[in-house]
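Fold and contact review
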Amino acid sequence: MTHISVKAVRAGLVTVLVLLACAAPARAGGGHVVEDSWLMLTVSRGETPSTRQDGTLLRCDPPRGHRRAADACAELTAVDGRIADLPAKDVVCPMVFAPVTAHASGRWRGRPVDYTETFPNTCLLTARTGAVFALDTQ
């Protein structure tokens, strides 16, 4: 009859746990694998998206690259990166027609993002998209 000591079993269990911990993917507090989230954001005057290649690069893992990155990333996290689902702010905007077009392209938690919407003016853009399109140049 074979006798296995408690120390041998304990050592084996510790080894298995260490190997499993090393093999498991890194997890965030929400229980999902963290993937880099980034969006290239532009706001252009008029009713067509900007054709310029420059813009503001918002990165959210950790928040950076945008003057209000922490706020924008928090707002996007609340709607799982779906800009169209951002809740509108309750504000009073002037009835001035000065259209602006917001465009975002990139990735959110591994999923592609492509968003374009034209707003009657910058007040309505801000009311509808919060900090996401609060760029330095508008």
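In this report, we go over the structure that sits alongside the text. What you are looking at is a predicted structure, and each value in this text was computed from that prediction instead of being measured.

So, on to the overall build of the chain. In terms of helices and strands, the chain carries 3 helices and 5 strands. In the chain, the succession of α and β elements from N to C terminus is α-β-β-β-α-β-β-α. A total of about 8,800 Å² of accessible surface is found on the chain, and carbon and sulfur atoms cover 61% of it.

A full pass over the atoms with the stated rule returns 2 disulfides. Disulfide pairing places Cys-60 opposite Cys-73 at an S-S distance of 2.0 Å. Judged by the sign of its S-S torsion, about -85°, the cystine formed by Cys-60 and Cys-73 is left-handed. Note that Cys-60 is positioned in strand S2 (residues 56–60) and Cys-73 in helix H2 (residues 69–78), a separation of 13 residues in sequence. When sorted by exposure, Cys-60 lands in the same class as Cys-73, which is buried.

To continue, consider H2. Along H2, the positions that sit buried rather than exposed are Ala-69, Ala-72, Cys-73, Glu-75 and Leu-76. Axial view of H2: buried residues confined to an arc of 160°, hence all on one face. Facing away from the buried side of H2 by over 90 degrees, the exposed positions are Ala-70 and Ala-78. On its buried face, H2 sits against strand S1 (38–45), S2, strand S3 (63–64), strand S4 (100–108) and helix H3 (122–129). Positive phi shows up at Asp-80, right after H2, with a value of about 55°.

Turning to unusual backbone geometry, a few remarks are in order. The amide bond that connects Asp-61 to the next residue, Pro-62, takes the cis arrangement and shows omega of 5°. Along the polypeptide, Pro-62 turns up in the loop between S2 and S3. Despite not being glycine, Asp-80 has its phi angle at roughly 55°, a positive value. In this structure, Arg-109 is a non-glycine residue whose phi angle is positive, near 50°. By secondary structure assignment, the location of Arg-109 is in the loop between S4 and strand S5 (111–119). The partly exposed category is assigned to Arg-109, whose relative accessible area is 26%.

Below, the discussion takes up the pattern of salt bridges. All chains considered together, the criterion is met by 5 salt bridges. One salt bridge in this structure joins Arg-109 and Asp-61, with 3.0 Å as the shortest N-O distance. Of this pair, Arg-109 sits in the loop between S4 and S5 while Asp-61 sits in the loop between S2 and S3, and the two are 48 residues apart along the sequence. Residue Asp-61 is classed as partly exposed on the basis of its relative accessible area of 23%. Residue Arg-68 pairs with Asp-71 through a salt bridge whose shortest N-O separation is 3.4 Å. Residue Arg-68 is classed as partly exposed on the basis of its relative accessible area of 32%.

Let us now look at the sheet that holds S5. If you walk across this open sheet you meet the 5 strands as S3-S2-S1-S4-S5, and the pairing is antiparallel. Where the open sheet ends on each side, the last strands, each with one partner, are S3 and S5. Here S2 runs beside S3; their pairing, made up of 2 bridges, is antiparallel. By the bridge assignment, Arg-59 is partnered in S3 with Arg-64. Together, S1, S2, S3 and S4 form the strand contacts of H2, whose direction differs from that of S2 by roughly 65°. Those strands touched by H3 are S1, S4 and S5, and its axis lies near 145° from that of S5.

Rules used in this analysis
- Residues numbered from 1 in each chain as written.
- Predicted model: local features only at pLDDT ≥ 70, side-chain atom pairs only at ≥ 80, totals over all residues.
- Heavy atoms only, no water.
- Helix = DSSP H or I, 4+ residues; strand = E, 2+ residues; numbered from the N terminus.
- Areas by Shrake-Rupley, 256 points an atom, 1.4 Å probe, with all protein chains shown as cover.
- Disulfide = S-S within 2.5 Å.
- Buried < 20%, exposed > 50% of the residue type's maximum accessible area, 1.4 Å probe, protein only.
- Arc of directions from axis to C-beta.
- Contact = heavy atoms within 4.5 Å.
- Salt bridge = Lys/Arg side-chain N within 4 Å of Asp/Glu carboxyl O.
- Pairing = 2+ DSSP bridges.
- Axes fitted to C-alpha atoms, helices over the stretch in contact; angles between N-to-C directions.

Treat this as a map of the structure, not an account of what it does.
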